[in-house]
Amino acid sequence: MAMSSPVTIQLTKAIRAHGEDVDQITFRELTTKDVIELGLPTLFIPGADGQSPGIELRQPIIARYISRLAAIPMNSVEQLTLRDHSACTSAIMSFFGMGDGDQPTN
């Protein structure tokens, strides 16, 4: 089931956003307008030659979701450690019913 309420991620390393140090990010609820304007964060890859289909995470789109839903500038998203970016990616994907559910906390 897709998440429909705000999700907060505690960062392992603070970032600068709007001139302040930020050690957690809260994502607002996803709306249909967001999806229309940003597109889906995944790309379906059909299986070929008997292989299973797959899903590609579209990182530039996920970064735009992080920026938009957390109301932080893109240069703040770019400051995230890889571990924090992965947690944020999981949170974004959970809105689409695809996250692992372990990273986000309400």
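Each chain carries its own residue numbering, running from 1 in the written order of its sequence. Only residues with pLDDT of at least 70 get local features here, since the model is predicted, and only at 80 or more are side-chain atom pairs given and counted; chain-wide, interface and lining totals rely on the full set of residues. The side-chain numbers reported here are obtained from all heavy atoms of the structure, hydrogens and water having been left aside.

**Student:** How should the pattern of salt bridges be read in this particular structure?
**Tutor:** Side-chain pairs of opposite charge can arise where the charged atoms are in close proximity. Here, a salt bridge means any side-chain nitrogen of Lys or Arg that lies within 4 Å of a carboxyl oxygen of Asp or Glu. By the definition in use, this model includes five salt bridges. Measuring nitrogen to oxygen at the nearest pair gives 2.8 Å for the salt bridge that ties arginine 68 to aspartate 34. Residue arginine 68 is located in helix 2 (residues 59-70), and its partner aspartate 34 is located in helix 1 (residues 32-38); the two are separated by 34 residues in the primary sequence. The buried label applies to any residue whose accessible area, calculated with a 1.4 Å probe on protein chains only, is under 20% of its type's maximum; exposed applies above 50%, and partly exposed to all values in between. For arginine 68, a relative accessible area of 26% corresponds to the partly exposed category. Its relative accessible area of 1% is what places aspartate 34 among the buried residues. Between arginine 68 and glutamate 37 there is a salt bridge, and its shortest N-O distance comes to 2.4 Å. One end of the pair, arginine 68, is in helix 2; the other, glutamate 37, is in helix 1, with 31 residues separating them in the sequence. In DSSP terms, a helix is any run of H or I states spanning at least four residues, a strand is any run of E spanning at least two, and both are numbered starting from the N terminus.

**Student:** Is there a simple way to explain the pairing of strand 2 (residues 20-27) in this structure?
**Tutor:** Regular strands have side chains that alternate between both faces of the sheet. Bridging between strand 1 (residues 7-17) and strand 2 involves seven bridges; their strand directions are antiparallel. Residue pairing across strands places isoleucine 9 opposite isoleucine 25, the latter belonging to strand 2. Two strands form a pair only when DSSP identifies at least two bridges running between them. Count of turn residues in the strand 1/strand 2 antiparallel hairpin: two residues, of which histidine 18 carries a positive phi of about 55°.

**Student:** Which parts of the structure should I look at to understand the confidence of the model for the chain?
**Tutor:** In regions of low pLDDT, the predicted coordinates are not meant to be interpreted in detail. The predictor attaches a confidence to each residue, and that confidence, scored 0 to 100, is pLDDT. Taken as a whole, the chain shows an average pLDDT of 89; of its residues, 89% reach a score of 70 or greater. Averaged over each element, pLDDT in the chain is lowest for strand 4 (residues 54-57) (88) and highest for helix 3 (residues 74-77) (98). Counting contacts from residues 101-106, a segment whose pLDDT is below 50, to residues more than four positions away or on other chains yields 16 contacts. By the convention used here, residues are in contact when the closest approach between their heavy atoms is within 4.5 Å.

**Student:** Quick question: what am I supposed to make of the packing of aromatic side chains here?
**Tutor:** Two numbers describe a pair of aromatic rings. These are the distance of the centres and the angle of the planes. Two aromatic rings, drawn from Phe, Tyr or Trp (for Trp, its six-membered ring), form a pair once their centres lie within 6.5 Å of each other, and the interplanar angle then sorts them: stacked below 30 degrees, edge-to-face above 60, tilted otherwise. By the definition in use, this model includes one aromatic pair. Judged by centre distance (5.7 Å) and plane angle (80°), the ring pair of tyrosine 65 and phenylalanine 96 falls under edge-to-face. Of this pair, tyrosine 65 sits in helix 2 while phenylalanine 96 is found in the segment after helix 4 (82-95), placing the two residues 31 residues apart along the sequence. The exposure class assigned to tyrosine 65 is buried, which follows from its relative accessible area of 0%.

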